Amino acid sequence: MSETPHRYTAELAGQIEVAWQDRWEQEGTFHAPNPSGPWAEPDKVAEFDNGHLLVLDMFPYPSGAGLHVGHPLGYIATDVVARYNRMLGKNVLHCLGYDAFGLPAEQYAVQTGQHPRVTTEANIATMKRQLRRLGLGHDDRRVIETIDPEYYRWTQWIFLQIHNSWYDAEAVRADGGRGRARPISELIAQFESGQRAVLSEDGRGWADLTGPERESVLEQFRLAYASEAPVNWCPGLGTVLSNEEVTNEGRSERGNYPVFKAKLRQWMMRITAYSDRLADDLDRVDWPEKVKLMQRNWIGRSQGARVTFHIGEHPVEVFTTRPDTLFGATFMVLSPEHPLVAGTDGDEAGASIVASSWPEGTSAAWTGGHATPTEAVEAYRLAASRKSDVERQMDAKDKTGVFTGAYATNPVNGTAIPVFVADYVLMGYGTGAIMAVPAGDERDFAFAQQFGVPIIDVIAPADQPDWAGSVADGKAFTGNGVAINSSNDEISLDGLAVDDAKARITAWLAERGLGEATVNYRLRDWLFSRQRYWGEPFPIVFDEEGTSHALPESMLPVVLPDVPDYSPRTFDPDDANTAPEPPLGRLDDWVNVTLDLGDGPKQYRRETNTMPNWAGSCWYYLRYLDPENREALVDAANEQYWMGPRPMTVPGAPAGVTDPGGVDLYVGGVEHAVLHLLYARFWHKVLFDLGHVTSEEPFRRYFAQGYIQAFAYRDHRGQPVPAAEVVEGAPDSKGEPTFTWNGEPVTREYGKIGKSLKNVVSPDEMYEEYGADTFRVYEMSMGPLELSKPWETRAVVGAQRFLQRLWRNVVDEETGETRVVDAEVSRELSVLLNQTIAAVREDFATLGFNTAIARLIELNNAVTKLDVVPRSVAEPLVLMTAPIAPHLAEELWSRMGHPGTLTHEPFPQADPALLVEDTVTCVIQIKGKVRDRMEVASDISEDDLRELALAREKVKAATENGVRTVIVRAPKLVNVVPA
RNA sequence: GCCGGGAUGGUGGAACGGCAGACACGGAGCACUCAAAAUGCUUUGCCCGCAAGGGCGUGCGGGUUCAAAUCCCGCUCCCGGCACCA
């Protein structure tokens, strides 16, 4: 029999942990009361005297592989924050649900025939078990799953809201800004009353349009609309991909199949209507600057002008950010996909500007060796379409292109400038056509040099009077300077600075109808259709004429039916001439329905595409607030309570910026910095505009956590070997560590935790070997939350030793008796305790868990050295440890005589009188180098300290030639500078 | 290429412009033990020295300052994001 039967071992930890988890569940310890709705408990809400807090993690996908030790990092961090804030007297809502639609389950279904729901639910069960064992203080009533029809009913409802609204850029918002979503019925009313004219081609008014014609007018306004858009069609997967799902190589991220551009009718989200607000409101949220910057870059707002050039009869619009350089435009470039050159191969031939023969004297370099411009452009377009994006990038330095044989007229000076087709101009940005100013743009400069096009300097550096010009320089001048060579009979920009020149020329162009100031965005509308099975069905049907109709709310949810085969029809990966056929399309009984949509029963066909994964994860945080509500996606009072704007300032924001509301703390990986966070912001703003929520932003504060990575090892063939079985050997001759597996030398690398690298460590192993509390302490002590850091199983023991010492300070290992007594505490220990309280509070508030744990360890180590353990130190120590190691803390708290949970015990407060020691060590520097130390009273005056320091032997010896100056920072430092 | 972030012992990491390396892992030694594990104690940046003590030290090179890991300038390397964005 062991001499220490009551030692805090992994086994004992496990018993304690499971017991407390059961008790928390039974008592509903972490249930957060709602002020309103189905769970209204206003009396309980009123009990919290220090406000409330909403803390969330990013929505997890329940992967089939279960969790590894990297996953819980953020969950533990938010749990610590949540538990800490409960002890501050706040009503804290912390919970977690499952983003359960998704491709892995569908692909598994394709392979095995297993219904994705079965796989997904099994995965959720595993993940729930693993998370429960971690002891997270989640409100377990609020676990939602996106695949639950009662959940996706509201996903579909939001889609209807978006579909049934339009963006009125002129409407005044509550905050005084302009532009908001409005119900489409208000637009229809405007058309009906004639307040807004219909822009029909034949001049007919709204009253004269047929139903389908009206719908096609409305589609141009709806925020969710069907569009015949160029999409990324991947025959190998049988589905259409969003731009983000296509690699730089022009292949599918999943499966690495070729991706082709095809035109398809797809549901789109008009996120571009919100470009300005999405960009501007970044000032109002407390997010990492780098994430704000990523979103700003993604939105890509740039101020500039649209200028109309003419190529013969054809007007061509170009977008430029530098209208001030218009006089330097010596050629024009159209993208290979531009409609004015796209016509050469068929249907739109009439629109082409490509000349039928080369003009007199065309340089051979411009023709690409072809007999006619038509041939040359056709060949170039074909070559460009075959180039992958990566090939285009590799060639980025060598500009390619061909002359179209056509000339455009520069509107400022009437000069005829040659028009080229070149793939460095992209159809997807601006207008797909540029005016090329080689003197002021590096790409245009490279092209001009290569093709021998004239280069005219129009901006000269203001601070270099003897500037020889861009050609002499060998590079374009892109800096700020002064306009030169820029005048015609009516206007001169010469001598103006860039900004003034821009304003002057833009005004001139506008007066003559040649152009106007405009803002361009990189952001494009969001492709929302997927040709997949495992997603939310659209609440949309098509009538016999093919016109789409939104279903009324009363028909929700549109339940996802079972299908015999889960895969979309796939094709020869290289066959571009194919079209998607989603799995739902095979269910004739489901697809063809008779419905009464207000004008009697009629035959309709259902939309067979499904929504993308983003749909369910765009709004889930709202459903957490009121998951049982059948009447609304969230009760208005609940939303306002948890997420509504508050009278507070936004950290780091410009003066006058107001809090937009939102989740108080949102933690998750930075890989979702752009898409998820942008899409969710967009949906939230639509819901705000339509009056469904009071918050203007979904996430008021976002924290980007780092990742836990791990070492992986490969044998001589490059095959990964199980990392857990690798043995570290003696360092080699260079001092680098060596590693072996089964006696064979292996090489080490550092990377993601995953099956493929055979370096997975699961939390289950940690519970088994150390217990959940130790695992929690280790993860939180590894380093700052925002940093990525390597997992090291052998270091976990440090966290275990800390908890064992804490246990031993409270519980006798041999008898199991409590060791804590009511004893006097030395002033020294009191000071340490109070300093620790102050430091831990500050660290918890700033998510500095690693330093908080270091402080707790120091205090605990000090207690370890005592013969008796005073209650007045042990209790606050246990309470402070509780957010990080909650089970151990609860157990010790109860053994110290407290029957209830410590969840809502007040967090210890520091006594300001006990924050300073009686004496401190003063450092004495001579010329900035530490040469001596002395103990002094902590309230010593500067003069006394100076005198004491100057009297020291070492100081006297160093200042034989006199003292130049003495810097005193009482009580900790004196710096003596000898003459 | 552009934008952003970083570089501190053998390792993860601490450090309002004021004692560099808190805390932890690992290493070394000691105690307890028949032994091992566990635990406790001591020690652990590098160099010289028996020691007292001294010198060097926060990626590299400069600067500001009484004082720089921290602020400024110029590099190197690493990580993240974007990428021919007009």
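Residues numbered from 1 in each chain as written. Chains lettered and ligands numbered in written order. Predicted model: local features only at pLDDT ≥ 70, side-chain atom pairs only at ≥ 80, totals over all residues. Heavy atoms only, no water.

Caption draft 1: Broad picture of the overall build of chain A. Of the regular secondary structure elements, chain A holds 31 helices and 35 strands. Taken along its principal axes, the extent of the C-alpha atoms in chain A is 100 × 90 × 70 Å. When the 979 residues of chain A are sorted by exposure, 53% land in the buried category. Residue pairs at least 24 apart in sequence account for 69% of intrachain contacts in chain A once pairs closer than 6 positions are excluded. Of the side chains in chain A, 94 bear a positive and 141 a negative charge, and the two mean positions are spaced by 4 Å. (Helix = DSSP H or I, 4+ residues; strand = E, 2+ residues; numbered from the N terminus. Buried < 20%, exposed > 50% of the residue type's maximum accessible area, 1.4 Å probe, protein only. Contact = heavy atoms within 4.5 Å. Lys, Arg positive; Asp, Glu negative; His and termini not counted. Charge placed at Lys NZ, Arg CZ, Asp CG, Glu CD.)

Caption draft 2: Geometry of the packing of aromatic side chains. For the structure on display, the rule yields 56 aromatic pairs. Aromatic side chains Tyr533 and Trp534 sit 6.2 Å apart centroid to centroid with 20 degrees between the ring planes, which places their arrangement in the stacked category. Here Tyr533 and Trp534 have matching classes, each one buried. Clustering of aromatic rings is evident, with ring pairs tying together Phe159, Tyr167, Trp267, Tyr274, Trp526, Phe528, Phe538, Trp614, Tyr679, Phe682 and Trp683. Positioned over the ring face of Phe711 is Arg748, at 3.9 Å from the centre of the ring. (Phe/Tyr/Trp six-rings, centres within 6.5 Å; stacked < 30°, edge-to-face > 60°. Lys NZ or Arg CZ within 6 Å of the ring centre and 35° of its normal.)

Caption draft 3: Quick look at the protein's contact with RNA strand B. Around RNA strand B sit 48 residues, and of these Arg7, Thr321, Arg443, Arg801 and Asn975 come closest. The sugar-phosphate portion of RNA strand B accounts for 64% of its atoms within 4 Å of the protein, the bases making up the rest. Gln925 is positioned with one of its side-chain polar atoms (N or O) 3.2 Å from a base nitrogen of RNA strand B. By residue number, the principal contributor to the surface near RNA strand B is helix 27 (residues 849–864), which donates six residues. Counted by class, the surface near RNA strand B contains 20 nonpolar, twelve polar and 16 charged residues. (Near = heavy atom within 4 Å. Polar contact = N/O pair within 3.5 Å; in protein donor to acceptor, adjacent residues only side chain to side chain. Nonpolar A, V, L, I, M, F, W, Y, C, P; charged D, E, K, R; others polar.)

Caption draft 4: Geometry of the packing of helix 24 (residues 772–781) against helix 29 (residues 886–895). Running from N to C, helix 24 and helix 29 point in directions that differ by 125 degrees, and their axes come no closer than 7 Å. Classified by the angle their axes make, helix 24 and helix 29 are oblique. Seen from helix 24, the contacting residues are Ala772, Asp773 and Arg776; seen from helix 29, they are Pro886, His887 and Leu888. For the contact of helix 24 with helix 29, the residue count by class is three nonpolar, one polar and two charged. (Axes fitted to C-alpha atoms, helices over the stretch in contact; angles between N-to-C directions. Parallel < 35°, antiparallel > 145°, perpendicular 65-115°, else oblique.)

Caption draft 5: How the structure looks around the state of the cysteines. The tally for this structure, following the rule as stated, stands at zero disulfides. Between Cys618, a free cysteine, and Cys95, which holds the nearest cysteine sulfur, the sulfur-to-sulfur gap is 18 Å. (Disulfide = S-S within 2.5 Å.)

Caption draft 6: Broad picture of the nonpolar core. Core analysis: the largest hydrophobic core is formed by 177 residues, its most contacted members being Phe528, Trp683 and Trp791. Residue contributions to this core peak at ten residues, all from helix 22 (residues 675–689). Residues within four places of Phe528 in sequence aside, it is in contact with Phe159, Trp267, Met268, Met269, Phe538, Thr610, Met611, Pro612, Ala615 and Trp683. (Core = buried A, V, L, I, M, F, W, Y, C linked by side-chain atoms within 4.5 Å.)

Caption draft 7: Quick look at the sheet that holds strand 18 (residues 540–542). Strand order in the open sheet made by the four strands is 19-18-21-20, with antiparallel pairing throughout. The open sheet terminates on both sides in strands that have one partner only, identified here as strand 19 (548–550) and strand 20 (592–596). Across the sheet, the axes of successive neighbouring strands diverge by a mean angle of 50 degrees, strand direction being ignored. As paired strands, strand 20 and strand 21 (residues 601–606) are joined by five bridges and run antiparallel to one another. Looking at the pairing, Thr594 lines up with Gln603 of strand 21. (Pairing = 2+ DSSP bridges.)

Caption draft 8: Focus on the packing of helix 26 (residues 827–845) against helix 27. Across the interface, helix 26 lies against helix 27 with an axial gap of 8 Å and an inter-helix angle of 165 degrees. Comparing the axis directions of helix 26 and helix 27 gives the class roughly antiparallel. Helix 27 is crossed by helix 26, and the crossing has left-handed handedness. Note on element contacts: helix 27 touches helix 26 through Phe849, Thr851, Ala852, Arg855, Leu856, Glu858, Leu859 and Ala862, opposite Leu829, Leu832, Leu833, Thr836, Ala839, Val840, Asp843 and Phe844. Of the residues that constitute the contact of helix 26 with helix 27, the class distribution is eleven nonpolar, two polar and three charged. (Left-handed = near helix turned anticlockwise from the far one by under 90°.)

Caption draft 9: Molecular detail of unusual backbone geometry. Of the consecutive residues Leu556 and Pro557, the connecting peptide bond is found in the cis state with omega at -5 degrees. Tracing the chain through its elements places Pro557 in the loop between strand 19 and helix 18 (588–591). Pro971 follows Ala970 through a cis peptide bond whose omega is -5 degrees. Its location among the elements puts Pro971 in the loop between strand 34 (963–969) and strand 35 (973–978). Positive phi outside glycine occurs at Lys927, with the angle close to 50 degrees.

Caption draft 10: Layout of the sheet that holds strand 23 (residues 702–705). The strand order 2-1-22-23 describes an open sheet built from four strands, whose pairing is parallel. Edge positions in the sheet fall to strand 2 (91–95) and strand 23, since each has one partner strand and no second. In this sheet, neighbouring strand axes are inclined to one another by 15 degrees on average, regardless of whether the strands run parallel or antiparallel. Strand direction decides the pairing type here: strand 1 (residues 52–57) and strand 22 (residues 665–669), joined by three bridges, are parallel.

Caption draft 11: Up close: the side chain of Ser352. With respect to the element layout, Ser352 can be found in the loop between helix 11 (339–342) and helix 12 (364–367). A distance of 3.5 Å separates a polar side-chain atom of Ser352 from the backbone oxygen of Leu340. Among the polar contacts made by the side chain of Ser352, one reaches the main-chain amide nitrogen of Val354 at a distance of 3.0 Å.

Caption draft 12: How the structure looks around helix 5 (residues 116–133). With 18 residues, helix 5 extends 26 Å between its outermost C-alpha atoms, agreeing within 8% with the 26 Å of an ideal straight helix rising 1.5 Å per residue. Residues of helix 5 that are buried include every one of Pro116, Thr119, Thr120, Asn123, Ile124, Met127, Gln130, Leu131 and Arg133, and no others. Of the surrounding elements, those touching the buried residues of helix 5 are helix 1 (10–27), helix 3 (72–87), helix 4 (103–112), helix 23 (763–769) and helix 24. Looking at the residues trailing helix 5, positive phi occurs at Gly135, about 75 degrees. (Expected span 1.5 Å × (residues − 1).)

Caption draft 13: Structural detail: helix 10 (residues 289–299). If you check which residues of helix 10 are buried, you get Val291, Lys292, Gln295 and Ile299. The buried residues of helix 10 occupy one face: seen down the axis, they fall within an arc of 100 degrees. Considering only its buried residues, helix 10 is in contact with helix 9 (275–280), helix 22 and strand 23. One or two residues past the end of helix 10 sits Gly300, with phi positive at roughly 60 degrees. (Arc of directions from axis to C-beta.)

Caption draft 14: Layout of the environment of Leu587. When you line up the elements, Leu587 lands in the loop between strand 19 and helix 18. Placed 487 residues apart in sequence, Leu587 and Ala100 show a C-alpha to C-alpha distance of 23 Å. Once residues lying within four places of it in the same chain are set aside, the contact partners of Leu587 are Pro561, Asp562, Val563 and Pro564.

Caption draft 15: Molecular detail of the pattern of salt bridges. Counted under the stated rule, the structure contains 54 salt bridges. Residue Glu27 is joined to Arg23 by a salt bridge in which the shortest nitrogen-to-oxygen separation is 2.9 Å. Here the residue Glu27 and the residue Arg23 both occupy positions in helix 1, the gap between them amounting to four residues, near one helical turn. Among the residues examined, Glu27 registers a relative accessible area of 45% and is labelled partly exposed. Look at Arg23 and you get partly exposed, because its relative accessible area is 23%. For Arg895, the salt bridge is made with Glu891, and the minimal N-O distance between the two is 3.1 Å. Taken as a pair, Arg895 and Glu891 lie in helix 29 at a separation of four residues, close to a single helical turn. You can call Glu891 buried: its relative accessible area is 15%. One network of salt bridges, with partners in common, ties together Asp281, Arg284, Arg681, Lys685, Glu696 and Glu697. (Salt bridge = Lys/Arg side-chain N within 4 Å of Asp/Glu carboxyl O.)

Caption draft 16: Summary view of the environment of Ile857. Along the chain, Ile857 falls in helix 27. Sequence-wise, Ile857 and Leu806 are 51 residues apart; in three dimensions their C-alpha atoms are separated by 8.7 Å.

Caption draft 17: A look at the domain arrangement of chain A. Taken domain by domain, chain A holds domain 1 (1–30 + 771–917), domain 2 (46–159 + 615–705), domain 3 (175–272 + 525–614), domain 4 (302–520) and domain 5 (918–978). For domain 2 and domain 5, the distance between their C-alpha centres works out to 56 Å. (Domains from an automatic or database assignment.)

Caption draft 18: Seen up close, the environment of Arg681. Checked against the element boundaries, Arg681 lands in helix 22. A relative accessible area of 0% means that Arg681 is categorised as buried. It is 8.1 Å that separates the C-alpha atoms of Arg681 and Phe699, two residues lying 18 residues apart in sequence. Setting aside its immediate chain neighbours within four residues, Arg681 contacts Arg277, Leu278, Asp281, Leu282, Trp287, Gln295, Glu697 and Pro698. A polar contact of 2.8 Å, which involves the side chain of Arg681, links it to the side chain of Gln295.

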